[in-house]
Amino acid sequence: MSIFFSLFAGLGLFFIGVRLISNNLRQVIGRRLRQLIARAVTSAGSLALFGLLAGAVMQSVNAVIHVLVALVTAGAMDRKRAFPIIRWANLGTSMLALLAAIDLHALALCLVGLTGIAYYQQIDQSTRWRHAVGALLGLGLLFLGTDFIKTGAAMLRTEPWLREQIAELGVWLLPSFALGAMVAWAAQSSTTVVVITMSLAAGGLIGWNGGAMLVMGAGLGSAASAWNLAGRLQGSARQLVLFQVLLRLQGLLLTFIFYACNRWLLDDPFGRLLDHFDMGLPARLAAFYMVVQLLSDLASRALEKPSLRWLEAWAAPSLQENLSKPHFVHDEALDEAETALLLADKEQQRLLACLPAYLDALRQDAPAALASADKRQAAESQVLQLCEQFLVELADRQRSRDVLERSMVLRDRNRLLASLQESLVELHQSTQAAMGDPTVAQLLDQLVQSLHMMLEALAETAARAQPDAEDLELLRSLTHDRSELMDGIRRRLQGSELEASLRQAVFSATTVFERCVWLARRYVLLLDAPAMPGKPVATTPLPTTTPARAKA
């Protein structure tokens, strides 16, 4: 039973590792690291090297795909560049000689030890390093889980009952194929099946045909395990997983054709070729596994265009994924300060124009909301983070006073947009909790409609190249202090017969509404200090806290 416990624990550690890597790598990747990765995988040669090394070290294409998913969703790598990496990673897993030279057990223990030291030194409490520590722990657990799986598999082949059953594999080819598929699916790695098969062949427990069927079955098991990884993934992340499934299935079909022609039609030319190199049965099976990988790669390349069209149709990018991508800012613009400032300003205008959509689900006469407020905020907050990093790097590159001042204005606007997004989500939650009572619902609807009109007017004015004084004066009047009005509403409700839960919901909604108005007014004041060329810059200090009354 200890063998199965080792396999089970290995799978558990593997899944924990890939989840930690996926969750933390997305947070730890900064703009500079994204640029380094983007430069490192710009050519076909660097993509091939990256994929081969990733597959050889991790010995699991599924683990490589999880890392690629994190890189793609974090914006560190374009989705189209990830596809060839998956191809080369499949070839990298067949580099058994390289695997033998790497002690994954020692590496895993070192990574876990380093993570333990980081936790002891409380480095994980640092805002800057906590996600890096989490990703390091995930990588260590992934390697440790893989080592547990391999250790259990190595112990499994010494069992007497397995030796008795394995002798039949050379006769019954279909059971051999099914067994290879099941083991590869459970181990999350076709290389594990190949290593076991080579060990059995070296011990004389299995012949060529049974071993070849185990290797081909491992391809199907690898496709099935990749399919399981799709899970709840959507958009580009799901496309990467489905690409691996297609690659494996296409290669499996081509391998069956190769095997059938070699065995029944052409009198084993592959075997005669290997005879020239005086290769034993384990080496022949390793060579056959390499052929399987090469055929998968060739089939994938030949059918690349129809496969990508199918992936686009079946796993189109989700709305949340589209919302989380910037439309204007990009790294190439940093070399030209004026262009960079213009693009950052246009990105903020776009996000500002999206703010009224946060209230669509609360307005009675509004169209159906495309995305819930919390999902929209989770996606668009990533764009704001990219804008912040973009402006910080622009200020580091450009030392002129004019650029620094204008970038400071844009960064202030960026923080206000983030606060508005968070406040609108909070307003959405508070308002939904109080919609059961007709009187309260009417009151809250008036607040929502008023705020919606205010945000629309703000977005329209901010989108103009040069907002005139009348527009700015109108916005200042729309965003005047509403504290007395909100206090009056709260006092009237204090003595009413409303349920305590409804009264508390209204108190929360009016407080958040007051904060939203205050934030909108701060944004209006920053419009007086535009961040565009040829305009005077007179920044107003941005308070770090809201008024005391707004926090009540």
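Residues numbered from 1 in each chain as written. Predicted model: local features only at pLDDT ≥ 70, side-chain atom pairs only at ≥ 80, totals over all residues. Heavy atoms only, no water.

Our focus in this paragraph is the overall build of the protein. Helices and strands together make up the secondary structure of the protein, namely 24 helices and zero strands. Scored against the burial criterion, the 552 residues of the protein give a buried share of 51%. Of the contacts made within the protein by residues no fewer than 6 positions apart, 80% connect residues no fewer than 24 positions apart. (Helix = DSSP H or I, 4+ residues; strand = E, 2+ residues; numbered from the N terminus. Buried < 20%, exposed > 50% of the residue type's maximum accessible area, 1.4 Å probe, protein only. Contact = heavy atoms within 4.5 Å.)

Most often, soluble globular proteins keep nonpolar side chains buried together rather than apart. The biggest cluster of nonpolar side chains holds 63 residues, and the ones touching the most others in it are Leu352, Leu355, Leu359, Phe390, Leu424, Leu451 and Leu458. Of the residues forming this core, the biggest block, 15 residues, is contributed by helix α24 (residues 500-527). Judged by nonpolar contacts, the second largest core, of 38 residues, contains Ile86, Ala226, Leu242 and Leu247. (Core = buried A, V, L, I, M, F, W, Y, C linked by side-chain atoms within 4.5 Å.)

Bringing the packing of aromatic side chains into the picture now. Within the structure shown, the criterion is met by nine aromatic pairs. Relative to phenylalanine 270, the ring of phenylalanine 258 has its centre 5.6 Å away and its plane inclined at 80°; by these criteria the two rings are edge-to-face. Separated by twelve residues along the polypeptide, phenylalanine 258 in helix α13 (residues 235-265) and phenylalanine 270 in helix α14 (residues 269-275) bring together distant segments of the chain. Judged by its relative accessible area of 26%, phenylalanine 258 is partly exposed. Judged by its relative accessible area of 10%, phenylalanine 270 falls in the buried class. (Phe/Tyr/Trp six-rings, centres within 6.5 Å; stacked < 30°, edge-to-face > 60°.)

Of all residues in the protein, 79% attain a pLDDT of 70 or more, and the chain-wide mean is 78. Averaged pLDDT values for the elements of the protein fall to 42 in helix α6 (residues 96-101) and rise to 91 in helix α18 (residues 337-354). Confidence drops under pLDDT 50 across residues 97-101; counting only partners more than four residues distant or on other chains, this segment forms six contacts. (pLDDT = per-residue confidence, 0-100.)

What follows is about the pattern of salt bridges. Proximity of charged atoms lets side chains of opposite charge pair with each other. In total, this model carries 16 salt bridges according to the counting rule given. Across the pair arginine 284 and aspartate 275 runs a salt bridge whose closest N-O atoms are separated by 2.1 Å. For aspartate 402, the salt bridge is made with arginine 406, and the minimal N-O distance between the two is 2.1 Å. In this pair, aspartate 402 and arginine 406 both sit in helix α20 (residues 401-432), four residues apart, roughly one turn of the helix. Residue aspartate 402 is classed as partly exposed on the basis of its relative accessible area of 36%. Here arginine 406 falls in the buried class, since its relative accessible area comes to 2%. Ionic contacts of the salt-bridge type, sharing partners, join the residues Asp335, Glu393 and Arg397 into one network. (Salt bridge = Lys/Arg side-chain N within 4 Å of Asp/Glu carboxyl O.)

Examined against the element boundaries, serine 419 turns out to sit in helix α20. Classification of serine 419 as partly exposed rests on a relative accessible area of 28%. Distance from serine 419 to arginine 515, taken between C-alpha atoms, is 9.4 Å for residues 96 residues apart in sequence.

This next bit is on the packing of helix α19 (residues 373-397) against α20. Packing of α19 against α20 leaves a shortest axis separation of 10 Å and a crossing angle of 165°. Taken as axis vectors, α19 and α20 run roughly antiparallel relative to one another. Seen from above, α19 lies across α20 with left-handed handedness. Counted by class, the contact of α19 with α20 contains 13 nonpolar, six polar and six charged residues. (Axes fitted to C-alpha atoms, helices over the stretch in contact; angles between N-to-C directions. Parallel < 35°, antiparallel > 145°, perpendicular 65-115°, else oblique. Left-handed = near helix turned anticlockwise from the far one by under 90°. Nonpolar A, V, L, I, M, F, W, Y, C, P; charged D, E, K, R; others polar.)

Looking at the element boundaries, arginine 87 is found in helix α5 (residues 79-92). Judged by its relative accessible area of 3%, arginine 87 falls in the buried class. Not counting residues up to four positions away in its chain, the partners in contact with arginine 87 are Phe243, Leu247, Asp297, Ser300, Arg301 and Glu304.

What follows deals with unusual backbone geometry. Of note in this structure, glutamine 122 is not a glycine but carries a positive phi near 60°. Residue position: glutamine 122 is located in the loop between α7 (104-120) and α8 (130-156).

With that settled, consider a nonpolar patch on the surface. Judged by side-chain polarity, Leu253, Leu254, Ile257 and Leu298 come together as a nonpolar surface patch covering roughly 370 Å² of accessible area. Looking at which element gives the most residues to the nonpolar patch, the answer is α13, with three residues. Assignment of secondary structure puts leucine 254 in helix α13. Overall, leucine 254 belongs to the partly exposed group, its relative accessible area being 32%. (Patch = residues over 30% accessible without salt bridge, like charges linked within 9 Å, V, L, I, M, F, W, Y side chains within 5 Å. Areas by Shrake-Rupley, 256 points an atom, 1.4 Å probe, with all protein chains shown as cover.)

With that settled, consider the environment of alanine 459. Note on placement: alanine 459 falls in helix α21 (residues 438-462). Distance in space between the C-alpha atoms of alanine 459 and arginine 350 is 8.4 Å, their sequence separation being 109 residues. In contact with alanine 459, other than residues within four places in its own chain, are Leu352 and Ala353.

What follows deals with the packing of α20 against α24. Two quantities define a packed helix pair, namely the angle between the helix axes and the distance between the axes. Interaxial distance between α20 and α24 falls to 9 Å at its minimum, and their mutual angle equals 160°. In terms of their interaxial angle, α20 and α24 are classed as roughly antiparallel. Helix-helix and strand crossings are classified by hand; for α20 and α24 the assignment is left-handed. Looking at the contact of α20 with α24, its residues break down into 16 nonpolar, five polar and five charged.

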